[in-house]
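# Coordinate inspection notes
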Amino acid sequence: MPRHQRSPLNQDLFTRGGIITEIDPDFCIVRLRMPAGMITPERMKGLGEIAKKYGIENLHLTTRQTIELPHMDPSRLEELVADLAANGTPLGAEREEVVNITSCLGTRHCKFGIIDSVGLAEEIDKKFFGKELPIKVRIAISSCPNGCESERLNEIGITGIQRPIRDPGLCTGCGTCTHYCREKAIEVQDGIIVLHAVKCMECGFCIKPCPFHIIQGTKPEYRITVGGHRGRHPKIGRHLIDVKTTDDVMRVVDKVIYWIYRQASTGSLLPEQLDELEFDEFKKTISMMIEG
């Protein structure tokens, strides 16, 4: 159906971020909302049945951990969106808004996990998903500094960290931990384990292998970066703050999104607006907002 013949309701649906016009403008792609990329077997089955109902031959798994239904007839969008919502796989986001929150499996399943990244992604999704902003905001969470979610290449990135703590008086100097440190931040010197803090990634990988449980760790923390971006000119986000609880994370994310809503300009990416000269001021502003 040509765009000028669409009903008013379909025109309204096309203002939603989850509806994307295809190369053939008589068809569209429907993107779903799927925080942390998690879907139950029942919903997955339901999604397959929905796809068959509307003649969708293939589903597309996106880089942002959601699913797209390509080559959809726009005249049936109202019915499709209702079916998707009933299935628990509602319409997603793509435009100048907070889009699908991505996450690794975290402590629920990964042996390297430091934080419950899935639970945090779901919490952030409930509060911020789809919020309209001057720019698109991507939020990604990695449970450890391995960065499986490339979280530092997002407008807001959250990384789980854990600092090692060692007791020189109890350490036997066996060197087991040194084999697990990819940065060579731990070494044995004269039978004593030495930690080079400047090299440490705070990944916690050296803690669990200690056969005598001498190396302990601080409580897991959350490292937040801002201003990252993939795309044509990728850029790593800059360190904003480390916080200790999920409540702290939610407060920081809330303040960053509020700043974007009030201060960011349309037409340019966040990293372009946080140049080196202004970032310290931005960081100070966010810190003051959090403390206030």
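Up top is the structure.
This part is about helix H5 (residues 246-263). Along its 18 residues, H5 runs 25 Å from first to last C-alpha, staying within 8% of the 26 Å computed at 1.5 Å per residue. Looking only at H5, the buried set comprises Val249, Met250, Val252, Val253, Val256, Ile257, Trp259 and Ile260.

A word on the packing of aromatic side chains. Considering all chains together, one arrives at 3 aromatic pairs under this definition. Geometrically, the ring pair formed by Phe112 and Phe205 is tilted, given 4.7 Å between the ring centres and 35° between the ring planes. Of this pair, Phe112 sits in the loop between strand E5 (102-103) and helix H4 (117-128) while Phe205 sits in the loop between strand E10 (192-195) and strand E11 (216-217), and the two are 93 residues apart along the sequence. The exposure class of Phe112 is partly exposed, given its relative accessible area of 29%. When its relative accessible area of 11% is taken as the criterion, Phe205 is described as buried.

A cluster of like negative charges, contributed by Asp275, Glu278, Asp280 and Glu281, occupies part of the molecular surface. In this fold, Asp275 is placed in the loop between helix H6 (270-273) and helix H7 (276-291).

Position of Leu170 among the secondary structure elements: in the loop between strand E8 (164-165) and strand E9 (186-189). With a relative accessible area of 53%, Leu170 lands in the exposed category. When the C-alpha atoms of Leu170 and Ser143 are compared, they prove to be 30 Å apart, with 27 residues separating the residues in sequence.

Below, the discussion takes up the sheet that holds strand E2 (residues 28-31). The strand order E1-E2-E4-E3 describes an open sheet built from 4 strands, whose pairing is antiparallel. If you trace the sheet from one side to the other, it starts and ends with strand E1 (19-21) and strand E3 (60-61), each paired once. Examined bridge by bridge, E1 and E2 share 3 bridges and lie antiparallel to one another. Following the sheet pairing, Ile20 is matched in E2 by Ile29. Of the strands in this sheet, E1, E2 and strand E4 (67-72) touch helix H3 (residues 77-86), which is tilted by about 20° from E2.

With the rule as written, the count across this model stands at 18 salt bridges. As a salt-bridge pair, Glu79 and Lys53 come within 3.2 Å of each other at their nearest N and O atoms. You can see Glu79 sitting in helix H3 and its partner Lys53 sitting in helix H2 (residues 41-53), a full 26 residues away along the chain. On the basis of relative accessibility, which here comes to 37%, the residue Glu79 falls in the partly exposed class.

About the criteria used
- Residues numbered from 1 in each chain as written.
- Predicted model: local features only at pLDDT ≥ 70, side-chain atom pairs only at ≥ 80, totals over all residues.
- Heavy atoms only, no water.
- Helix = DSSP H or I, 4+ residues; strand = E, 2+ residues; numbered from the N terminus.
- Expected span 1.5 Å × (residues − 1).
- Buried < 20%, exposed > 50% of the residue type's maximum accessible area, 1.4 Å probe, protein only.
- Phe/Tyr/Trp six-rings, centres within 6.5 Å; stacked < 30°, edge-to-face > 60°.
- Patch = residues over 30% accessible without salt bridge, like charges linked within 9 Å, V, L, I, M, F, W, Y side chains within 5 Å.
- Areas by Shrake-Rupley, 256 points an atom, 1.4 Å probe, with all protein chains shown as cover.
- Salt bridge = Lys/Arg side-chain N within 4 Å of Asp/Glu carboxyl O.
- Lys, Arg positive; Asp, Glu negative; His and termini not counted.
- Charge placed at Lys NZ, Arg CZ, Asp CG, Glu CD.
- Pairing = 2+ DSSP bridges.
- Contact = heavy atoms within 4.5 Å.
- Axes fitted to C-alpha atoms, helices over the stretch in contact; angles between N-to-C directions.

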